[in-house]
Protein chains: 2
Amino acid sequence: MSAQTVGGGTFAVGVDIGGTTIKAGAVTTGGVVSGEVVVPSRAEEGPEEVLSQAAGAVRSVLSATGGGGGTCTGVGVGIPGIVSTADGLVRYPPNFQDWAEVDVSGELARRTGMRVRTENDANTAALAEAKFGAGVNHRDFVFVIWGTGVGGGLILDGKIFRGPGGGAGEIGHVTIDRQGPPCNCGNRGCVEAYIGQKYLSQRTAKLVGGKDAAAEGSVMMKLAGGDLSTLDPAMISRAAELGDEAATRVLTEAGAMLGVALASVVNVVDIPTVIIGGGISAAPEFVFRAAADEMRARVLRPHRDAVSVSRALLGNTAGVIGAASLLF
Amino acid sequence: MSAQTVGGGTFAVGVDIGGTTIKAGAVTTGGVVSGEVVVPSRAEEGPEEVLSQAAGAVRSVLSATGGGGGTCTGVGVGIPGIVSTADGLVRYPPNFQDWAEVDVSGELARRTGMRVRTENDANTAALAEAKFGAGVNHRDFVFVIWGTGVGGGLILDGKIFRGPGGGAGEIGHVTIDRQGPPCNCGNRGCVEAYIGQKYLSQRTAKLVGGKDAAAEGSVMMKLAGGDLSTLDPAMISRAAELGDEAATRVLTEAGAMLGVALASVVNVVDIPTVIIGGGISAAPEFVFRAAADEMRARVLRPHRDAVSVSRALLGNTAGVIGAASLLF
């Protein structure tokens, strides 16, 4: 095990392995990030390549921060898929090729010579918000990452609630209509099938495209560079912020649909505080209000007054911060 | 605090307070019940009357079992509604008149002179199955009570998972269709609104009543004493056991609808083992199979092989046994 330094204090390297990018950075015990590295993920080339990229990112961070005199306590990894606490295996991360079960901690420890801990990426982001973000005043909250898909994590008594198999918190795959549209996961009517990027963009494009005259000069068309198929939740959020009517309508509906799923979650786990991160966390307040209103109308009576929905505060760096904090 | 005896060993008195009956009994640490008392509940007369009935039931049990030389460790109570572990208050038990928040443990301790612990009744039944019933080989399971309504409890690492506010496990109020029929709870499309007694009976009556000639001689009509509006889940289960086609169809559909809700639950808490109690636990195997098949088709891939649905083993006495076991 090697010791590295950053600004004289204790730190860990956080690695956020995604299907699109791999991010890494040195994170102090106070949650301050330095020496950040972002590389495009080669998830389509299989686990060996991804592990090699992650090890490279760790080395880059350490060489960027090596002169400060601090002590590195190890490497924390956030990655999609179910991470089993029993055997440490990362199972079936969606959008990663040829990946059934991989011992990420073991493989990365071998490649870096450092102590490594691995956790589901929604859980690491939730942990970051719990320790340094929107969750610092809440012992318990439901964390939602709403972007390309809809992920989530449960924070219970300040810690990640993993469930017995490590797969808890998949808020995106709560059914809101048993006969609804097919979801990527194989189920139908999951909330992700209504508010994930693909469906949200289609719905917005349909609304904007339906009004030909207006579409030409619409904020949305400009933000999408003339091609509505490239719309993502962040663009739709910005359009809504700029007062675009279609964007406002789509996001209000989507917020309410998330509220339906969250009401089921609250009735099952009794955690009425919700924090929403991901691309949508830049959306105007009315989206969070729509989710909260729908939840309040649907949860069991004793939960009603306790319902709150707020936006995450750490943005894109939540994954790196939370992964590193696995070592604190 | 008084000490009472039963068969020479340690025991506790379990009290199962329901909207219809109040049951009580002496329960040994081995889960054996004696001195049982069942009285019609006067829930419509308010908390004072219910507490007085419960205290009376405890006294009856103790006088029935007082000669055996054992040691009574206290009284455990199961009751509908949310039971807060922080302040011990029982909040809004459905079907109990004039009941907002009552300190059942404190009030009953005052009336009986014994140590009292109180828990939600679905949780106590779940605990009984965990310690002495269908759950003895499972550290984690989702417990469903399917009868008049649909209740539930989560057993995690052998213990009740209450959630931060004590209200976790309300499986019956998981939405399966956001635009579905209104539920008693104020939400719409809850699974209880599809498979609770009222809706199940209506559906069955409609199917049986729809075939006039067949209806006359149907098993269901006989079991219902000629009045289909009196059908309950236990009757429908018996009719299905006897091969009745309408009953079989209704229960298969209902099992699948429960499976939709359970799939959402598994994706959120990662507990793929389900045990079903309540009136429906007497139903033929195909009901449990229908629920399991639907769950398996809908849960996230890593949960699929682990899904299991089985029937509870303790029947009506689960509530008394589990309540008493709060003292063990």
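Everything that follows concerns the structure shown earlier in this document.
Residues numbered from 1 in each chain as written. Chains lettered and ligands numbered in written order. Predicted model: local features only at pLDDT ≥ 70, side-chain atom pairs only at ≥ 80, totals over all residues. Heavy atoms only, no water.

### A word on the sheet that holds strand 11 (residues 159-161) of chain B
Residues and elements named next belong to chain B.
Right, on to step 1. Ordered by their spatial adjacency, 5 strands build an open sheet running 11-10-9-12-13, and the pairing between neighbours is mixed. Of all strands in the sheet, those bounded by a partner on one side alone are strand 11 and strand 13 (308-311). The average undirected angle you get between the axes of adjacent strands in this sheet is 30 degrees.
Right, on to step 2. The sheet contacts of helix 9 (residues 245-269) involve strand 9 (141-146), strand 10 (150-156) and strand 12 (273-277), and relative to strand 9 the element is tilted by about 145 degrees. (Pairing = 2+ DSSP bridges. Helix = DSSP H or I, 4+ residues; strand = E, 2+ residues; numbered from the N terminus. Axes fitted to C-alpha atoms, helices over the stretch in contact; angles between N-to-C directions. Contact = heavy atoms within 4.5 Å.)

### Some points on the side chain of Thr65(B)
Right, on to step 1. Tracing the chain through its elements places Thr65(B) in helix 1 (residues 47-65).
Right, on to step 2. At 2.8 Å, the side chain of Thr65(B) forms a polar contact with the backbone oxygen of Val61(B). (Polar contact = N/O pair within 3.5 Å; in protein donor to acceptor, adjacent residues only side chain to side chain.)

### Observations concerning unusual backbone geometry
Right, on to step 1. The backbone of Asp157(A) shows a phi angle near 55 degrees, a positive value even though the residue is not glycine.
Right, on to step 2. Here Asp157(A) lies in the loop between strand 10 (150-156) and strand 11 (159-161).
Right, on to step 3. Accessibility expressed as a relative area gives 39% for Asp157(A), which makes it partly exposed.
Right, on to step 4. In this structure, Tyr92(B) is a non-glycine residue whose phi angle is positive, near 45 degrees.
Right, on to step 5. In this structure, Tyr92(B) sits in the loop between strand 6 (90-91) and strand 7 (101-102).
Right, on to step 6. Looking at Tyr92(B), the relative accessible area reads 29%, which means it is partly exposed. (Buried < 20%, exposed > 50% of the residue type's maximum accessible area, 1.4 Å probe, protein only.)

### What about the relation of the copies chain A and chain B?
Right, on to step 1. Superposing chain A onto chain B takes a rotation of 180 degrees combined with a translation of 0.0 Å along the rotation axis, leaving an RMSD of 0.0 Å. Taken together, these values place the two copies in the relation of a two-fold axis. Nearest to the rotation axis, the C-alpha of Asp177(A) is located 2.0 Å from it, this being the minimum over chain A.
Right, on to step 2. A high fraction, 100%, of the interface residues of chain A reappear at the interface in chain B, so the copies pair face to face through one surface. (Least-squares fit on C-alpha atoms with pLDDT ≥ 70 in both.)

### Describing the interface of chain A and chain B
Often, the extent of an interface is quoted as the loss of accessible area on bringing the components together.
Right, on to step 1. Taken residue by residue, the interface counts 42 residues in chain A and 42 residues in chain B.
Right, on to step 2. Approximately 3500 Å² of surface area, both sides summed, lies buried where chain A meets chain B, with 59% of it carried by carbon and sulfur atoms.
Right, on to step 3. One can count 24 residue pairs in polar contact (both at pLDDT 80 or more) joining chain A with chain B.
Right, on to step 4. At the level of secondary structure, the elements contributing two or more residues to the side of chain A that touches chain B comprise strand 10, helix 9 (245-269) and helix 10 (285-298) of chain A. (Buried area = accessible area lost by both parts, 1.4 Å probe.)

### Here's the deal with the nonpolar core
Right, on to step 1. By size, the foremost hydrophobic cluster in this structure holds 109 residues, and its most contacted members are Val144(A), Trp146(A), Val144(B) and Trp146(B).
Right, on to step 2. In this structure Val144(B) touches Val150(B), Gly151(B), Gly152(B), Ile171(B), Leu258(B), Leu262(B), Val274(B), Ile275(B), Ile276(B) and Gly277(B), once residues within four positions along its chain are discounted. (Core = buried A, V, L, I, M, F, W, Y, C linked by side-chain atoms within 4.5 Å.)

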